[in-house]
Amino acid sequence: MLQNLTAAEFEMYLGQSWTLSAHASTTSVVLQSVKPLGSPSPRPQTPFSLLLVADRAEPVLAQGIYTLDHPNREPLELFVVPIGPHGDGMGYEITFN
């Protein structure tokens, strides 16, 4: 299923709130950008990344598998990487390659 996801499926949710959760912690994030990647990939679709930004810089979520959830989509289990401060919040990236 994950290999069939496309950037277009996320673009309609730009600027909207999502939740990242794992274990007992849940963090609210906003989808800031959906960016195509120029790298070659074995995926049938073009590789892309998502930039998610939490409204607070602390606590920083460790990289790992989180459930990404939006009220209008089924939850997805994805590998999330913290990429550092973004404005007043913390940025996280999910890459589909």
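Conventions and cut-offs
- Residues numbered from 1 in each chain as written.
- Predicted model: local features only at pLDDT ≥ 70, side-chain atom pairs only at ≥ 80, totals over all residues.
- Heavy atoms only, no water.
- Helix = DSSP H or I, 4+ residues; strand = E, 2+ residues; numbered from the N terminus.
- Buried < 20%, exposed > 50% of the residue type's maximum accessible area, 1.4 Å probe, protein only.
- Polar contact = N/O pair within 3.5 Å; in protein donor to acceptor, adjacent residues only side chain to side chain.
- Contact = heavy atoms within 4.5 Å.
- Phe/Tyr/Trp six-rings, centres within 6.5 Å; stacked < 30°, edge-to-face > 60°.
- Pairing = 2+ DSSP bridges.
- Axes fitted to C-alpha atoms, helices over the stretch in contact; angles between N-to-C directions.

*Asks:* Would you mind going over the side chain of Thr67 in detail, with residue names and values included?
*Replies:* With respect to the secondary-structure elements, Thr67 resides in strand E4 (residues 64–69). The class of Thr67 is buried, set by a relative accessible area of 16%. Side chain to side chain, Thr67 and Glu77 meet in a polar contact 2.4 Å long. The residues contacting Thr67, other than those within four sequence positions of it, are Thr19, Leu20, Ser21, Pro75, Leu76 and Glu77.

*Asks:* Report on the packing of aromatic side chains, specifying residues and quantitative values.
*Replies:* Inspection of every chain in the model, using the stated rule, returns five aromatic pairs. Geometrically, the ring pair formed by Phe10 and Phe48 is tilted, given 5.9 Å between the ring centres and 45° between the ring planes. Here Phe48 lies in strand E3 (residues 48–54) and Phe10 lies in helix H1 (residues 8–11), a separation of 38 residues in the sequence. Here Phe10 matches Phe48 in class, with each residue buried. Measuring from ring centre to ring centre gives 5.4 Å for Tyr13 and Trp18, while their planes differ by 80°; the resulting arrangement is edge-to-face. Since its relative accessible area comes to 8%, Tyr13 is described here as buried.

*Asks:* Which residues make up the sheet that holds E3, and what values do they have?
*Replies:* With respect to topology, six strands assemble into a closed barrel ordered E1-E2-E3-E6-E5-E4, the strand pairing being antiparallel. Looking at each pair of strands side by side, their axes are set apart by 45° on average, direction ignored. Summarising the sheet, strand E2 (residues 25–36) and E3 pair through seven bridges and their orientation is antiparallel. Bridge pairing in E3 links Val29 to Ala54.

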